[in-house]
Amino acid sequence: MTTTEPLTTAPIAAIVEELRPLLGAWQATLVDVAADLHAHPEIRFTEVHAAARLTGELEQAGFAVTRGFAGLATAFVARWSTAVPQGDAERAPTIAVFCEYDALEGIGHGCGHNVIAAAGLGAGLLVQDALERTPVAANLVVIGSPGEEGAAGKVPMIEAGVLDGVDLAIMVHPSGRNAIDGSSLSRIALDVDFDGRASHAAASPELGINALDAATLSLTAIGLLRQQLTDDVRVHAIIVDGGQAPNIIPEHASLRVFIRAQDREHLLENVVPRVRACFEGAAIATGASVRAAENTPPYFSLVQNPTLVGLAGDAYRALGREPQLNAPAGGSTDMGNVSQVVPAIHPMIELEPGLTAHTREFAAAADGPHAAAAVTDGAAMLAAVALAAFRDPAVVERARAEFAEQFPDR
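Residues numbered from 1 in each chain as written. Predicted model: local features only at pLDDT ≥ 70, side-chain atom pairs only at ≥ 80, totals over all residues. Heavy atoms only, no water.

Trainee: So what exactly am I meant to see when it comes to the pattern of salt bridges here?
Mentor: Opposite charge on two side chains lets them pair, provided their charged atoms get close. A complete count under the given rule lists 17 salt bridges for this structure. Note that Arg53 and Asp36 form a salt bridge whose closest N and O atoms lie 2.9 Å from each other. Here Arg53, found in helix H2 (residues 48-60), pairs with Asp36, found in helix H1 (residues 9-39); they are 17 residues apart in sequence, far enough to count as distant. Take Asp36: its relative accessible area is 15%, and that puts it in the buried class. For Glu57, the salt bridge is made with Arg53, and the minimal N-O distance between the two is 3.0 Å. Taken as a pair, Glu57 and Arg53 lie in helix H2 at a separation of four residues, close to a single helical turn. By relative accessible area, which is 15% here, Glu57 ends up buried. (Salt bridge = Lys/Arg side-chain N within 4 Å of Asp/Glu carboxyl O. Helix = DSSP H or I, 4+ residues; strand = E, 2+ residues; numbered from the N terminus. Buried < 20%, exposed > 50% of the residue type's maximum accessible area, 1.4 Å probe, protein only.)

Trainee: Could you clarify how one ought to interpret the sheet that holds strand E3 (residues 94-99) in this entry?
Mentor: Working definition: the strands of a sheet are paired by backbone hydrogen bonds and lie parallel or antiparallel to each other. As summarised here, the arrangement of the six strands in space is E1-E2-E4-E3-E5-E11, forming an open sheet in which the pairing is mixed. Each edge of the open sheet carries a strand with a single partner, namely strand E1 (64-69) and strand E11 (344-345). Note: strand E2 (residues 72-81) against strand E4 (residues 139-144), six bridges, orientation antiparallel. Bridging from a neighbouring strand, Ala78 pairs with Val142 of E4. (Pairing = 2+ DSSP bridges.)

Trainee: What is the right way to read unusual backbone geometry from this model?
Mentor: Look at Phe45: it is not a glycine, yet its phi comes out positive at around 65°. Among the structural elements, Phe45 can be located in the loop between H1 and H2. You will see that Ala152, though not glycine, has its phi angle at about 55°, which is positive.

Trainee: Just checking my understanding: could you explain the packing of helix H9 (residues 306-318) against helix H13 (residues 393-406) for this structure?
Mentor: Packed helix pairs are characterised by how far apart their axes lie and by the angle those axes make with each other. Two elements in contact, H9 and H13, have axes whose closest approach is 7 Å; the angle formed by their N-to-C orientations is 130°. What the angle tells us is that H9 and H13 run oblique. Residues Pro306, Thr307 and Leu311 of H9 pack against Val395, Arg398, Ala399, Glu402 and Gln406 of H13. For the contact of H9 with H13, the per-class residue count stands at four nonpolar, two polar and two charged. (Axes fitted to C-alpha atoms, helices over the stretch in contact; angles between N-to-C directions. Parallel < 35°, antiparallel > 145°, perpendicular 65-115°, else oblique. Contact = heavy atoms within 4.5 Å. Nonpolar A, V, L, I, M, F, W, Y, C, P; charged D, E, K, R; others polar.)

The values are spatial; any link to function lies outside them.
Okay, structure coming up:
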């Protein structure tokens, strides 16, 4: 059960056509939401404006909205169910649509989360409209997950039970290409602190212990280590604190380090210990002490569900987008953590060909001439996948069976 071939091309094409007039009614709102969030970029866990706009739209549409979740003030959970007998509602599938809306430091929406949020909102509104016209038993959840950029905001939400009772989870991410089955890299973040001893850098340097030297030496060691790492591994760091004045031997230096690999176990068991040894060796060589702490939850690799991938591909084709298969792993996403709990997809939708995320060019494109199409097509694709699953119990059953094959120990 690992095929990505089209599953239900004709029904998905019909669902997309069914959604077109409904999408027309919401298009102006969704495009305005994307532009509004782009104009008010907020970094992780400060997304007050974005959360208020999204929850306001959902509440106005009749969703029952819980603001704040898992101790995260800018998280939200919005629920809506079709009006069916209680027993039918309890047996109905529950599908979660994730919205992300945090920006990047310095360059705003250089990852296009304003597009993600608007498309996720649109998916929820379209599914609601379609099911009010042709009801089937369905439970829909739109989840607002803050702090995706660097803080893994979905992890505390998962731990607090946001996926309890959820059968499938879906979202869409803007990109430089249309891709439906790519993976992501698992990631560990380390905050590394070196402590030395201050001294006058000219009069008595021999009395100091240079914490910045330890930090620099550790980065050199990592650079050499890269020669012996597998091709999928990425290690990248910044110096957060390198001292206060050049005439004082730095008594403290700190690094922020990301360590990534395709395979979660390989990352944790092999790569991270070797990188930690670079810090420890640098501390020994310079006489400094070192502390390396994981202050951010780990990101796990994205494992996309084949049945949902097939549906997403069918929907893209019906929308006139030819999806790329076997896309290479790129960065890291906490949707990977979701995908290791429930069957999930995280397809990419093209903003402009060849765009690279986390750039000023991407930020401009996220409110550029093609942003509206990415929002509306993304919303239609997600809504079509959700409606196919709500209307055909075999979709959920097959997705669950595939998940059990992908994670036999769960």
